[in-house]
Amino acid sequence: MDKNREDRRIDYNRAPAYEVLFRLGKTTMRPGGMELTRTMLEELRVGENDNVVELAPGRGATTRLILELLPQSYTAVERSRASQQNVQEILRHGGLGQCVVGTAQETGLDDGCASVVFGEAMLTMQTKETKRKIAQEAYRLLAPGGRYGIHETCLKDNLSADITTEIESTLKDVLRVAARPLTLKEWRMLLEEAGFSVSGANEAPMHLLEPKRMIQDEGLWGGLKFASRVIASSSARRRIRGIRQAFNRYSDYINAAVLIAVKPA
Ligand SMILES: C[S@@+](CC[C@H](N)C(=O)[O-])C[C@H]1O[C@@H](n2cnc3c(N)ncnc32)[C@H](O)[C@@H]1O
């Protein structure tokens, strides 16, 4: 998406949910919140010797955490120019790294340039084929022994085909992206088919828009700012209500998951 498109007045009814949420001031979109992000970074063991690539950083909430870990290098690849500029600004203050405009499935970065690659709340919204391409791209970017972390929405095991179809179609409808969460087993298979060996998995409730999670992720001030913007616009209110209702309706069937995978040495 180009910057001009993002600069236009947003249509709260039709824009993808993440653009709506960004516009209302939410800075984090990952389904397991910042707590599961911290778990992912711990399990990825990001340290001073690492060359880190983040796919689709959005507004750069995890970029800030990475800067505190002082890796050797950090490169982010983001499709949206507005988000890329935002992350560049964070990096300018942090004095490390770069964020380039590009796609996660075709980053243009060198083979084996990274020891750690990760992406959050980004694979779920891709088609089956693009999910596969992104996992393969992560594999290509990593040097042997490198670690790949994903933080995505996850369907519980053993759901009937009918409920799975219903969830996919409702999420597509309310999120206005082709959201297709996988089960933990399917996420694992996606990574293994790209050549990875999966070394760990963690799950957490998918509470993206719950008040408690909102405050944990955005802080009290950020949460209040978000709430006041939602209250101020009837179309934003309607849209957020629709998203929350869908998340609540399917809360027994949806989780957040982090998987850690390793490229064989
Ligand atoms: C739901 S937001 C997640 C942002 C951030 N990772 C987070 O968890 O807060 C999805 C982000 O992925 C970006 N995106 C979607 N598809 C992409 C792709 N194929 N390549 C690069 N970025 C992509 C969007 O521009 C957006 O910033």
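Refer to the structure printed above.
Here's a quick rundown of the structure. (Residues numbered from 1 in each chain as written. Predicted model: local features only at pLDDT ≥ 70, side-chain atom pairs only at ≥ 80, totals over all residues. Heavy atoms only, no water.)

Concerning the site of the ligand
Among the 20 residues in the neighbourhood of the ligand, the closest are listed as Met29, Ala56, Glu78, Ala104 and Glu120. Within the backbone of alanine 56, a nitrogen or oxygen atom sits 2.8 Å from a nitrogen atom of the ligand. When the ligand is considered free in solution it has 590 Å² of accessible area, and contact with the protein chains removes 98% of it. Of the residues assigned to the shell around the ligand, the class counts are nine nonpolar, seven polar and four charged. (Near = heavy atom within 4 Å. Polar contact = N/O pair within 3.5 Å; in protein donor to acceptor, adjacent residues only side chain to side chain. Areas by Shrake-Rupley, 256 points an atom, 1.4 Å probe, with all protein chains shown as cover. Nonpolar A, V, L, I, M, F, W, Y, C, P; charged D, E, K, R; others polar.)

Considering the nonpolar core
Residues Leu24, Leu175, Leu209, Ile240 and Phe247 are the most contacted members of the largest nonpolar core, which totals 31 residues. Going through the elements one at a time, α2 (17–23), α7 (161–175), α9 (211–232) and α10 (234–249) are the ones with two or more residues in this core. When residues no more than four places from it in sequence are discounted, the contact partners of leucine 24 are Tyr12, Phe226, Arg229, Val230, Ala236 and Ile240. (Core = buried A, V, L, I, M, F, W, Y, C linked by side-chain atoms within 4.5 Å. Buried < 20%, exposed > 50% of the residue type's maximum accessible area, 1.4 Å probe, protein only. Helix = DSSP H or I, 4+ residues; strand = E, 2+ residues; numbered from the N terminus. Contact = heavy atoms within 4.5 Å.)

Quick word on the pattern of salt bridges
Scanning all chains against the criterion turns up 11 salt bridges. Across the pair aspartate 50 and arginine 147 runs a salt bridge whose closest N-O atoms are separated by 3.2 Å. Separated by 97 residues along the polypeptide, aspartate 50 in the loop between α3 (33–44) and β1 (51–55) and arginine 147 in strand β5 (residues 142–155) bring together distant segments of the chain. The network of salt bridges with common partners includes Asp111, Glu137 and Arg140. (Salt bridge = Lys/Arg side-chain N within 4 Å of Asp/Glu carboxyl O.)

Details of unusual backbone geometry
Phi at arginine 45 is positive, roughly 50°, even though this residue is not glycine. You can see arginine 45 is positioned in the loop between α3 and β1. Using a relative accessible area of 57% as the deciding quantity, one classes arginine 45 as exposed. A positive phi is found at leucine 70, a non-glycine position, where the angle reads about 50°.

Overview of a nonpolar patch on the surface
A contiguous nonpolar surface patch, about 470 Å² in accessible area, is contributed by Ile215, Leu220, Trp221 and Leu224. Residue placement: leucine 224 occurs in helix α9. Judged by relative accessible area, which is 48%, leucine 224 ranks as partly exposed. (Patch = residues over 30% accessible without salt bridge, like charges linked within 9 Å, V, L, I, M, F, W, Y side chains within 5 Å.)

Here we look at the environment of asparagine 51
With respect to the helices and strands, asparagine 51 occurs in strand β1. Residue contacts for asparagine 51: discarding those within four places in its chain leaves Gln72, Ser73, Cys113, Ala114, Ser115 and Val116. Engagement of the side chain of asparagine 51 in a polar contact is seen with the side chain of serine 73, the distance being 2.7 Å.

Remarks on the pairing of strand β8 (residues 254–262)
Look at any regular strand and the pattern is simple: side chains alternate between the two faces of the sheet. Among the nine residues of β8, eight are classified as buried, and the element is accordingly described as predominantly covered. One ladder, built from nine bridges, connects β5 with β8; its direction is antiparallel. Within the sheet, the bridge partner assigned to arginine 147 lies in β8 and is valine 262. (Pairing = 2+ DSSP bridges.)

Looking at the packing of α3 against helix α4 (residues 61–68)
Between α3 and α4, the least distance of the axes is 11 Å, while the angle of their chain directions is 40°. Here α3 lies oblique to α4, going by the angle between them. Every pair of crossing elements has a handedness; the one defined by α3 and α4 is right-handed. Two secondary-structure elements touch here, α3 through Met34, Thr37, Arg38 and Leu41 and α4 through Ala61, Thr62, Leu65 and Ile66. The residue makeup of the contact of α3 with α4, split by class, is five nonpolar, two polar and one charged. (Axes fitted to C-alpha atoms, helices over the stretch in contact; angles between N-to-C directions. Parallel < 35°, antiparallel > 145°, perpendicular 65-115°, else oblique. Left-handed = near helix turned anticlockwise from the far one by under 90°.)

So far we have only geometry, and geometry alone does not tell us how the molecule works.
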